[in-house]
Amino acid sequence: MSNKMWGGRFGEGPDRIMEEINASIGFDQRFFAQDIRGSKAHAAMLAEKGIISREDADKIVAGLDAVLSEIEGGKFDFRRDLEDIHMNVESRLADLIGAAAGRLHTARSRNDQVATDFKLYIRDTLDHLDEQLRDFQLALVARAQEHAATIMPGFTHLQTAQPVTFGHHCLAYVEMAARDRGRLADARKRLNECPLGSAALAGTSFPIDRHMTAKALGFDAPTRNSLDAVSDRDFVLETLSAAAIAATHLSRLAEEIVIWSTPGFDFVRLPDSFTTGSSIMPQKRNPDAAELVRAKSGRVIGALTSLLIVMKGLPLAYSKDMQEDKEAAFDALDALSLSLAAMTGMVRTLTVNETAMRAAASRGFSTATDLADWLVRALGLPFRQAHHVTGALVAKAEKKGADLDALSLAEMQEVEPGITDEVYSVLGVDNSVASRTSFGGTAPENVREAAKRWGEALGQAGQ
């Protein structure tokens, strides 16, 4: 029996194993809305150019609307023997409208069709992710405004370094998310050229209007080279690259939440809605949501690596290897979307233990740099000498089992005779934080102003 899809070239249907490895309908069916949208634009263009009759085009569009309704209503029977979403839709269209359905595939191939569908899907996903990242930023800005003056330890090497504010810490992730949104926007801009009409690889002899279909589908222009158009997956790679960086940012915050919620830190407490208990230890509150966000970054990074490997050895133009571009991408973008939703929820609902944060910031000689800076300003010491003096004072305080501000003036003068009691004005964490007024610094007035700017910018950026 001749194969229904491939025509007279193949006399036998596919072997079961071949069908199993070749079919993509199990995952590419999520393209259904984009596939139907592209087909409607293609049919309208064919009619406009007189390549098919207006009557057939109207039948095709009405039939495609019926197919869309069936799929959305859960009444569509997806068939593995038809391989993919494109042939499933076209086959059902033929059932509904008859011979006119066969005219839809004029002047196109599944190669340009799938590239168009995937671009439309990625573009829709980018818009959704951008809105989620904006919501994440707004959640962080709200906490920054609330905690502009809440003192916590800033860390390097996960060792206490200098006092900062929790609001300042939140705004660091706002900046990261802004770069993530910029990368996604760049990817969207570059992908917004329409492959439809490139056909299999060489274009078509039919007098089509590719600018018409590009405009109808919201693209800026048609792609300029048919070979590149059907074999390009840069738009997926670029999206996954941006997604991997965004997932890494979420993973870093997730790691901090895991650490901060331990009894050793006790900086934050997650609500019941984002924690789980233990089957054996009744006292446990496990930060599972944060841990899963941390883990899902690996799925996103893995998807990028997987597709890079798929594409690295492919000659022009299309090869079936490129069917492996979808599952990992779908999984990665789903994982990022879920991670963003979970992280935004955690940021909005976690409880901040200001007392524990402040106590931790007051330990570990976190104002040592303030002391060194004071020695430079007040006594005119070269910074390297001031650094040495401060190190000696830290050693003295450590031996005494006290912090720097617990050293007496006489004890300090044993190390540097020029020190006066003015030094105590820079040793408290409040004074330390308040003094960091340089642009981008942690001073509460800076944080409030930055949070205000971000709030205004994000409000204006809302779509």
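Refer to the structure printed above.
From a predicted model like this one, the values you see are computed outputs, not experimental measurements.

Draft legend 1. Fine view of the overall build of the protein. When helices and strands are counted, the protein shows 18 helices and six strands. For 463 residues, the compact-globule estimate of 2.2 N^0.38 gives 23 Å, and the C-alpha radius of gyration of the protein, at 30 Å, exceeds that figure by more than 25%. Taken along the three principal axes of its C-alpha coordinates, the protein extends 100 × 50 × 40 Å. Counting across all 463 residues of the protein, residues that qualify as buried make up 49%. At a minimum sequence separation of 6, the contacts of the protein that also span at least 24 residues come to 74%. For the protein, the computed accessible surface area is about 21,900 Å², with 52% contributed by carbon and sulfur atoms. Mean positive and mean negative side-chain charge positions of the protein (52 and 64 charges, respectively) differ by 1 Å.

Draft legend 2. How the structure looks around the side chain of Arg-143. With respect to the secondary-structure elements, Arg-143 resides in helix α6 (residues 110–146). With relative accessibility at 8%, the residue Arg-143 sits in the buried group. Side-chain polar atoms of Arg-143 contact the side chain of Glu-146, separated by 3.0 Å. Contacts of Arg-143, omitting those with residues within four sequence positions, involve Cys-170, Val-347, Arg-348, Thr-349, Leu-350 and Val-352.

Draft legend 3. The nonpolar core, seen in detail. In terms of nonpolar packing, the biggest core is built from 100 residues, with Phe-118, Phe-136, Leu-171, Leu-240, Met-343 and Met-346 touching the most fellow members. Sorting elements by how many residues they give to this core places helix α10 (residues 234–260) first, with 16 residues. Apart from the residues within four sequence positions on either side, Leu-240 is in contact with Val-300, Ala-303, Leu-304, Leu-307, Ala-329, Ala-332 and Leu-333. With 19 residues, the next largest nonpolar core counts Ala-368, Leu-407, Val-423 and Leu-427 among its residues.

Draft legend 4. Region of interest: the pairing of strand β1 (residues 151–156). With six bridges joining them, β1 and strand β2 (residues 159–165) adopt antiparallel strand pairing. Across the sheet, Thr-156 pairs through a bridge with Gln-159, a residue of β2. Hairpin geometry of β1 and β2 is characterised by an intervening segment of two residues between the two adjacent antiparallel strands and by a positive phi of about 60 degrees at His-157.

Draft legend 5. Local environment of the packing of α6 against helix α7 (residues 166–191). At a minimum axis separation of 9 Å, α6 and α7 run at an interaxial angle of 165 degrees. Judged on the interaxial angle alone, α7 and α6 are roughly antiparallel. For the element pair α6 and α7, the recorded crossing hand is left-handed. Within the contact of α6 with α7, the residues separate by chemical class into 17 nonpolar, two polar and nine charged.

Reading the values: rules and limits
- Residues numbered from 1 in each chain as written.
- Predicted model: local features only at pLDDT ≥ 70, side-chain atom pairs only at ≥ 80, totals over all residues.
- Heavy atoms only, no water.
- Helix = DSSP H or I, 4+ residues; strand = E, 2+ residues; numbered from the N terminus.
- Rg over C-alpha atoms; globule rule 2.2 N^0.38 Å.
- Buried < 20%, exposed > 50% of the residue type's maximum accessible area, 1.4 Å probe, protein only.
- Contact = heavy atoms within 4.5 Å.
- Areas by Shrake-Rupley, 256 points an atom, 1.4 Å probe, with all protein chains shown as cover.
- Lys, Arg positive; Asp, Glu negative; His and termini not counted.
- Charge placed at Lys NZ, Arg CZ, Asp CG, Glu CD.
- Polar contact = N/O pair within 3.5 Å; in protein donor to acceptor, adjacent residues only side chain to side chain.
- Core = buried A, V, L, I, M, F, W, Y, C linked by side-chain atoms within 4.5 Å.
- Pairing = 2+ DSSP bridges.
- Axes fitted to C-alpha atoms, helices over the stretch in contact; angles between N-to-C directions.
- Parallel < 35°, antiparallel > 145°, perpendicular 65-115°, else oblique.
- Left-handed = near helix turned anticlockwise from the far one by under 90°.
- Nonpolar A, V, L, I, M, F, W, Y, C, P; charged D, E, K, R; others polar.

Bear in mind that shape data such as this cannot, by itself, settle questions of function.
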